[in-house]
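This is what each chain is made of:
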Amino acid sequence: MAATLITSCPTSKTTKWFSFVSTEPNNTKLLQPTTQKSITLDNRIVFPSINTYSAKDGCLTDSHLLHYGSLAAHGAGLIIIEATAIEACGRTTAYDSGIWKDEQVEPLKRVVNLIKAQGSVPGIQLSHSGRKLSIVPHLICSRVTPDEDDDSPEEKYSACDLKYTGSDPQPNELTVTEIRANVQKWADSAILANRAGVEVLEINAANRHLLHYFLSGNLNNRTDFYGGSLQNRMRFPLEVARAVRAAWPDEKPLWFRLPATDFSDSDPLSCDRDGWDIYQAIEFCKELKKIGIDAIAIANGTTTMNIKYPAPSTCQAQLANVIKHEVGIQTGATGSTCAGEEAEYILQKYQADYIIVGSGCILKTCFPKKDTPKLLADKISLSESGSLIDSILFVHININISDVGILGCNTVSKKFAHYWDIHS
């Protein structure tokens with residue numbers, strides 16, 4: 001079916017923007033099964049990779065079994081197991097999960113089998129933290145340097161030697177030889193994940209992880225053929241995508257998580273030619289599609305300390321909309337979707353193919369199985385909880401949408417204005 005492009009949206013001072021959508025579950029696109037290659041999801045709700053910081057030497061534990069088993073029991077169609085490092089020095093903490101050695105396969109397989117037994121599809125995110133400082137879980141305390149109780153490596157690697165903040169340790173610039181070795185580690189981890197029975201694999205190139213450092217000119221000041229022009233900056237991430245696609249079974253979906261912009265400007269469609277913007281993301285996603293990537297999960301950029309996020313949080317859905325139609329690839333809408341009606345509207349208007357909801361599944365533990373049949377009638381909202389956790393980013397959402405609006409047409413690039421919802 002041809003996509004319906006968006007030029008306007010119902011206006012209201014409440015979440016009844018979407019009251020025209022049917023309240024009958026059978027007519028709710030969010031709840032309908034969907035097939036991608038060899039897997040069929042019971043619904044289009046995806047739980048994203050959110051770290052639990054409870055692994056031991058990279059191995060998943062009983063805590064993971066309880067956590068992911070509970071999420072699967074509540075009915076998300078796809079559950080993506082947390083950011084899983086491709087090597088020991090790719091972890092952000094000593095408590096991160098990993099899949100770089102045989103001993104980590106069986107613990108992962110236990111969790112995968114439990115997710116399957118509850119009717120959900122198990123996925124996993126492969127990741128490398130790059131220059132991110134070794135930290136302890138953010139729910140315990142703030143960023144700290146490694147100490148004797150933290151066995152995560154002190155040496156960090158990145159696209160170049162730029163620090164994120166002045167207090168962070170100096171990262172080491174990856175050499176060309178190290179880059180080529182790193183590419184193989186991604187492929188090796190994909191093979192191990194397949195042995196564990198994982199059905200969907202996601203490559204993480206967002207949130208200031210290693211591949212993001214190469215993509216963004218705000219993070220990459222290399223002068224060789226891995227830095228400078230867009231073609232050079234996307235070379236390493238594309239090499240990883242090709243290697244993983246070759247190692248991952250053809251019949252299994254391969255997703256790619258990346259930021260659509262670094263948000264160097266409050267207009268998410270502004271040009272950041274020397275950094276990372278939607279225009280570069282489109283060109284990059286076209287190359288990913290040629291390689292065989294099946295879906296793009298749009299995530300946050302967060303490359304600098306002075307991030308200028310627009311409000312409200314559905315901005316990421318609009319960026320997913322642009323990439324979906326400009327590239328012709330399936331997308332997942334992330335970024336704190338806070339109401340069932342909002343999620344349904346995104347799907348009904350072909351802005352995205354999947355709704356990625358981490359906070360909703362955690363803070364409203366009955367979501368989606370209990371609440372989804374009443375999703376549109378009861379207008380599920382997270383605003384009552386005050387705040388939500390989207391990975392490590394805290395975003396307050398108890399706001400009056402009519403007071404904020406998404407973005408007026410005067411602030412949106414005319415090139416993509418026809419994709420943009422205007423809630424005002």
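If you're wondering where the values come from, they're calculated on a predicted model, not measured in any experiment. (Residues numbered from 1 in each chain as written. Predicted model: local features only at pLDDT ≥ 70, side-chain atom pairs only at ≥ 80, totals over all residues. Heavy atoms only, no water.)

**Side note on unusual backbone geometry**
The criterion, for reference: A run of H or I in DSSP becomes a helix once it reaches four residues, and a run of E becomes a strand once it reaches two; helices and strands are each numbered from the N terminus.
In this model, K37 sits at a positive phi of 55°, which is unusual for a non-glycine residue. For Y350, which is not a glycine, the phi torsion comes out positive at approximately 55°. Note that Y350 resides in the loop between α9 (340-348) and β13 (354-356).

**Digging into the side chain of S127**
As a reminder of what qualifies: Three exposure classes are used, based on accessible area relative to the maximum for each residue type with a 1.4 Å probe and protein chains only: buried under 20%, partly exposed in between, and exposed over 50%. Any pair of nitrogen or oxygen atoms within 3.5 Å is treated as a polar contact; in protein, a donor-acceptor pairing is required on top of that, and neighbouring residues in sequence qualify only through side-chain atoms on both sides. Residue contacts are counted whenever heavy atoms from the two residues lie within 4.5 Å of one another.
Tracing the backbone through its elements, the reader meets S127 in strand β6 (residues 121-127). By relative accessible area, S127 is classed as buried at 2%. A polar contact of 2.8 Å, which involves the side chain of S127, links it to the side chain of H209. If sequence neighbours within four positions are ignored, S127 has contacts with A83, T84, A85, I86, G90, W186, N204 and H209.

**Points about the nonpolar core**
Filter applied, for reference: Take the buried residues of types Ala, Val, Leu, Ile, Met, Phe, Trp, Tyr and Cys, join any two whose side-chain atoms come within 4.5 Å, and each joined set is a nonpolar core.
Core analysis: the biggest nonpolar cluster contains 80 residues, and F256 and I323 have the highest contact counts within it. L78, W255, Y354 and I356 belong to the second largest nonpolar core, which has twelve residues in total.

**Overview of the pairing of strand β11 (residues 295-299)**
Going by this rule: Whether two strands pair comes down to DSSP finding at least two bridges between them.
Of all five residues that make up β11, five are buried, and the element is covered over most of its length. Side-chain alternation along β11 places A295, A297 and A299 on one buried face and I296 and I298 on a second face that is also buried. Here five bridges tie strand β10 (residues 254-259) to β11, and the two strands are oriented parallel to one another. Note that in β11 the partner of W255 across the bridge is A295.

**Observations concerning the packing of aromatic side chains**
Heads up, the condition is: Side-chain rings of Phe, Tyr and Trp, where Trp is taken by its six-membered ring, are said to pair if the distance between their centres is within 6.5 Å; with planes under 30 degrees apart they count as stacked, over 60 as edge-to-face, and otherwise as tilted.
Throughout the structure, instances matching the rule amount to seven aromatic pairs. Their ring planes at 85° and their centres at 6.4 Å tell us that F214 and Y226 sit as a pair that is edge-to-face. Taken as a pair, F214 in helix α4 (residues 210-215) and Y226 in the loop between α4 and α5 (230-233) lie far apart in primary sequence, twelve residues in all. Judged by relative accessible area, which is 0%, F214 ranks as buried.

**Quick notes on the pairing of β10**
For the record, the criterion: Whether a crossover is right-handed comes down to one check: with the strands pointing away from the viewer, does the path from the first strand over the helix to the second run clockwise; if it does, it is right-handed.
Within β10, six of the six residues are buried, leaving the element largely enclosed by the surrounding structure. With burial as the criterion, each face of β10 is covered, one bearing L254, F256 and L258 and the other bearing W255, R257 and P259. Looking at chain direction, strand β9 (residues 200-204) and β10 are connected through four bridges and run parallel. Of the residues in β10, the one forming a bridge with E202 is W255. Handedness of the β-α-β unit built from β10, helix α7 (residues 278-291) and β11 comes out right-handed.

**As for the confidence of the model for the protein**
Counted only if it meets this: As a per-residue quantity, pLDDT reports the predictor's confidence and falls between 0 and 100.
For the protein, the average pLDDT comes to 74, and 64% of its residues sit at 70 or higher. Mean pLDDT across the elements of the protein ranges from a minimum in strand β15 (residues 393-395), with 24, to a maximum in helix α6 (residues 235-247), with 98. For residues 136-150, every residue scores under 50 in pLDDT, and the model assigns this stretch 26 contacts once sequence neighbours within four places are set aside. Counting interchain partners and residues more than four positions distant, the pLDDT-below-50 stretch residues 419-424 has 35 contacts.

**As for the pattern of salt bridges**
If the charged atoms of two oppositely charged side chains come close together, the side chains can form a pair. What counts, and what does not: In what follows, salt bridge is the name for a side-chain nitrogen of Lys or Arg lying within 4 Å of a carboxyl oxygen of Asp or Glu.
Per the counting criterion, the structure on display carries twelve salt bridges. Taking the shortest distance from any N to any O, the salt bridge between E283 and K286 comes out at 3.4 Å. On the criterion of helical spacing, the pair formed by E283 and K286 is a turn pair, its members being three residues apart in helix α7. For E283, a relative accessible area of 36% corresponds to the partly exposed category. Between E287 and K290 there is a salt bridge, with its nearest N and O atoms 3.1 Å apart. Residue E287 and its partner K290 are both found in helix α7; the two are separated by three residues, about one turn of the helix. Using a relative accessible area of 24% as the deciding quantity, one classes E287 as partly exposed. Each of the salt bridges in this network shares a partner with another, and the network as a whole consists of K37, R245 and D294.

**Re the packing of helix α3 (residues 176-195) against α6**
The following threshold applies: Every axis corresponds to a line fitted to the C-alpha atoms, with the helix fit spanning only the stretch in contact, and the corresponding angles, defined between N-to-C directions, vary from 0 to 180 degrees. Each crossing is labelled by how the near helix is turned from the far one, with a counterclockwise turn of less than a right angle marking it left-handed and a clockwise turn marking it right-handed. Amino acids outside the nonpolar list (Ala, Val, Leu, Ile, Met, Phe, Trp, Tyr, Cys, Pro) and the charged list (Asp, Glu, Lys, Arg) are all regarded as polar, and Gly is one of them.
Viewed as axis vectors pointing N to C, α3 and α6 meet at an angle of 35°, and their least axial separation amounts to 8 Å. Here α3 runs over α6; the crossing is right-handed. Taken together, the residues of α6 that come into contact with α3 (itself represented by I179, N182, V183, W186, A187, A190 and I191) are F236, E239, V240, A243, V244 and A247. Here the contact of α3 with α6 is composed, by residue class, of eleven nonpolar, one polar and one charged.

**A few points about the environment of Q351**
Following the sequence through the fold, Q351 ends up in the loop between α9 and β13. The spacing of Q351 and H325 is 26 residues in sequence and 8.3 Å in space, taken between C-alpha atoms. Among the polar contacts listed, one links the side chain of Q351 to the side chain of Q318, at a separation of 3.0 Å.

**Quick word on the side chain of E199**
Relative to the helices and strands, E199 is located in the loop between α3 and β9. At a separation of 3.0 Å, a polar atom in the side chain of E199 contacts the side chain of K116. Apart from residues no more than four positions distant in its own chain, E199 is found in contact with I39, K116, V121, P122, W248, K252 and P253.

**Concerning helix α8 (residues 315-328)**
To be explicit about the condition: Expected span, for any helix, means 1.5 Å times one less than how many residues it has.
Helix length check: α8, at 14 residues, gives a terminal C-alpha distance of 19 Å against a target of 20 Å (1.5 Å per residue), a fit within 8%. Counting buried residues along α8, eleven of its 14 residues qualify, which places the element largely inside the surrounding structure. Considered for burial, the residues of α8 that qualify are C315, Q316, A317, Q318, L319, A320, N321, V322, I323, K324 and V327. Contacts made by the buried residues of α8 are with α7, β11, β12 (330-333) and α9.

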